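# Working through the structure, step by step
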Amino acid sequence: MITVSNARKQYGTFTALDDVSVEIPRGSLTALLGPSGSGKSTLLRSIAGLEGLDSGVVTIAGRDVTKEPPQRRGIGFVFQHYAAFKHMTVRDNVAFGLSIRKRPKAEIARKVDDLLEIVGLEGFQHRYPAQLSGGQRQRMALARALAVDPEVLLLDEPFGALDAKVRADLRTWLRRLHDEVHVTTVLVTHDQEEALDVSDRIAVLNRGRIEQVGDPVTLYDRPANDFVMGFLGSVATLGDQLVRPHDIVLTRDRAVALAEDAKVPGSPGVIEAVVERVVRLGFEVRVELRADSGERFAAQITRRDAFDLELHTGETVFARAAHRSSVIEIDPALAI
Amino acid sequence: MTIHTDLGRSAAAAALLHPRTGGSDGAETTAAGPDPVGSDRPDHRDGSSASTSRLGGIRSLGVGVVTLWLSVIVLLPLAALTVAAFGDGWAGFWEAVTAPAALAALWVTVVVSAGVALLNAVMGTVIAWVLVRDSFPGQRFVNAIIDLPFALPTIVASIVLLSLYGPNSPIGVHLNATRWGLIVALAFVTLPFVVRSVQPVLIEADREVEEAAASLGASNLTTFRRIILPTLAPAILSGTGLAFARAIGEYGSVVLIGGNIPRETQVASQYIQQQIEIDSPQAAAAVSVALLAIAFATLLLLRVVASRSQRREERAP
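Residues numbered from 1 in each chain as written. Chains lettered and ligands numbered in written order. Predicted model: local features only at pLDDT ≥ 70, side-chain atom pairs only at ≥ 80, totals over all residues. Heavy atoms only, no water.

Within chain A one finds 10 helices and 18 strands. Taken over the C-alpha atoms alone, chain A extends approximately 80 × 45 × 35 Å along its principal axes. For chain A, the residues scored as buried account for 54% of the 336 residues in total. Sequence-distant contacts, at least 24 apart, represent 64% of the contacts inside chain A between residues at least 6 apart. Just so you have it, chain A exposes about 14200 Å², and 49% of that area is on carbon and sulfur atoms. Of the charged side chains in chain A, 43 are positive and 47 negative, and the gap between their average positions amounts to 7 Å. (Helix = DSSP H or I, 4+ residues; strand = E, 2+ residues; numbered from the N terminus. Buried < 20%, exposed > 50% of the residue type's maximum accessible area, 1.4 Å probe, protein only. Contact = heavy atoms within 4.5 Å. Areas by Shrake-Rupley, 256 points an atom, 1.4 Å probe, with all protein chains shown as cover. Lys, Arg positive; Asp, Glu negative; His and termini not counted. Charge placed at Lys NZ, Arg CZ, Asp CG, Glu CD.)

Let us look at the sheet that holds strand β5 (residues 63–64) of chain A. All names here are of chain A. Strand order in this open sheet of four strands is β2-β1-β4-β5, and the pairing throughout is antiparallel. At either end of the open sheet lies a strand with only one pairing partner, and these are β2 (14–24) and β5. Pairing geometry for strand β1 (residues 2–11) and strand β4 (residues 55–60), over five bridges, is antiparallel. Paired with Val 4 across the strands is Val 58, a residue of β4. Packed onto the sheet, helix α1 (residues 40–48) meets β1, β2 and β4 and runs at close to 60° relative to β2. (Pairing = 2+ DSSP bridges. Axes fitted to C-alpha atoms, helices over the stretch in contact; angles between N-to-C directions.)

Moving on, we come to the environment of Phe 124 of chain A. Residues and elements named next belong to chain A. With respect to the secondary-structure elements, Phe 124 resides in the loop between α3 (105–118) and α4 (134–146). Overall, Phe 124 belongs to the buried group, its relative accessible area being 6%. Put simply, Phe 124 and Leu 309 are 185 residues apart on the chain and 58 Å apart in space, counted from C-alpha to C-alpha.

Let's shift gears to the UniProt feature "domain: ABC transmembrane type-1" (unreviewed entry) in chain B. As recorded in UniProt, the feature "domain: ABC transmembrane type-1" (unreviewed entry) lies at residues 106–302 of chain B. Structurally, residues 106–302 of chain B is divided into 78% helix and 0% strand, and its ends, taken at the C-alpha atoms, are 21 Å apart. (UniProt positions renumbered as here; feature names shortened; annotations may be inferred.)

Here the focus is the side chain of Gln 282 of chain B. Residue position: Gln 282 of chain B is located in helix α17 (residues 281–314). Setting aside anything within four residues of it in sequence, one finds Gln 282 of chain B in contact with Ala 84, Ala 85, Asp 88, Gly 92, Phe 93 and Ala 96 of chain B.

So, about the pairing of strand β17 (residues 316–321) of chain A. Residues and elements named next belong to chain A. Within β17, five of the six residues are buried, which leaves it mostly tucked inside the rest of the structure. Across four bridges, the pairing between strand β13 (residues 248–251) and β17 is antiparallel. Its bridge partner lying in β17, Ile 248 is registered against Ala 321. In this sheet, β17 lies alongside strand β14 (residues 271–281) in antiparallel orientation, the contact comprising four bridges. Of the residues in β17, the one forming a bridge with Ala 273 is Val 317.

As a further point, take the packing of aromatic side chains. Residues and elements named next belong to chain B. The tally for this structure, following the rule as stated, stands at nine aromatic pairs over all chains. With centroids separated by 5.6 Å and ring planes inclined at 35°, the aromatic side chains of Trp 90 and Phe 93 adopt a geometry described as tilted. Here Phe 93 and Trp 90 lie together in helix α7 (residues 89–98), a separation of three residues that amounts to about one turn. Of the residues examined, Trp 90 reaches a relative accessible area of 57% and is grouped as exposed. For Phe 93, a relative accessible area of 8% corresponds to the buried category. Pairing Trp 90 with Trp 94 gives two aromatic rings, centres 6.1 Å apart and planes at 15°, and the pair type is stacked. (Phe/Tyr/Trp six-rings, centres within 6.5 Å; stacked < 30°, edge-to-face > 60°.)

All names here are of chain B. UniProt marks residues 61–86, 106–132, 144–165, 177–195, 227–248 and 283–305 with the feature "transmembrane region" (unreviewed entry), using the numbering shown here. As annotated, residues 144–165 comprises 82% helix and 0% strand, and the C-alpha atoms at either end are separated by 24 Å. Secondary structure across residues 227–248 comprises 100% helix and 0% strand; the distance between its end C-alpha atoms is 32 Å.

Below, the structure written as structure tokens:
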């Protein structure tokens, strides 16, 4: 378990961490999610000891490590750009942490072989990092970090430098690895899909503060505020509320819309809108609409509903939020 | 908690997680290929052949100009020197080079130059490190004066050093006509070599690699020895080699402070000058060829070591 209490970090006039407190449960895979400049990397690097805090306390497994250097924090760290030791073979890279601890040769050899097998790099022992692909290099970096039996594994945008296909594969692979090797893991990402996919807890950061912490489903369905809602998925403005585009129901008949809407407590009401454009995106259809107020928004409906509605540009429809949809009142202080 | 016990079940884990059997990143595994010589790096080989065909005419003109220039400036004079050295045949050459005074001068030259080169390897690396990694007032000024020994006529260097460490030393240090005098003079003129070859490598060095080492438990000293030094080694080596090659041929900076004492502080270049003065050009040429051979061997050794370390990083063993 990792705890960070009242962490503050200032770079000149820029506040990277503004009184951040967070708990990361033992054995979990937690994502720190946020836009660039939100402080997520600074938070991770403070946990690792690569960055010092102006004030605040960091504990790892019950031990106060605030004043400890990274060497004595019991961490494994994986960098976005691999940070491979280029002059060493894959084997020596993975063995590095063990060999500087002067472990017996046989033990090192056995452990390195085990790890290379786990990360799928057996047979690559004698290659140099330059002879590996990006994904292979990152798996080597992961094996290197795991070799020292870290209390916590810290990953800083680990898939950020990889192309989309490899990134998706490695993400799935990391999830399965975590299920096998239950080391407490913190992953920094700016990609909400990655966070939703891989982690079992997400902390959303914005402007040096934590907006919300929870499991992916809670964050998606019951966001604490409009920032979290907007960052975790696309949103549409319906009246004075935010709704997910796939939660918008379109109806031709005003009476039907009003009757249905009355059953939904706290709904934004029924909005009359003109169809501006209908876009087919494979199995789903995006309907771009303009409300009476002039506000533009998009609804995402199924192909079948689109057939039933027979929507055409210029026609008037009635939009409402579906039952049990996530709805957030817009905070005028925070524009999205 | 640790993951140690979990690793015991690695066979099961591997079966589950292996990217090839798991099919998770098959595309990238094939890209790197089963071919151990790196079939995924075609860019190296294709790049040069493409430029050959497109700029063929300019290339051959360029090669011609370079060959002509090198011939006039370097190769022909060297050939003429070699011919002069062997004017009295192999025996004459050997006799001239193995004359006790000549051998002593060559010995002094090589020993002192090697010492200076080693000194430079250490001090040059330290200076480059401080200039890149630390910040202090006057840093840019210090960075600029590193090149001063290149710009200064070497005889001026000799006078400068003589005024400080000579017979009338204001600080009471007398290095005049000692080997220490030689070492100081040569260290002065060869100062920039290691600094200027290490500096760019250090600027380019990936700081995250050092952070990675620290996160794995490496102390600063261990990180320097096992991570930074191997990265800098080729640059240090090439700077040291160039400093050595420069030092064995140095004349101007040692001519005043060295004292020109045979078997003590007389270096090969001074011996050559002396042979010319006593009208023995063949002996002068012979010792020159010996110096040339040493310099050439040094540069050759550098090339071999550099290409070997290059290959280690880029190709399969």
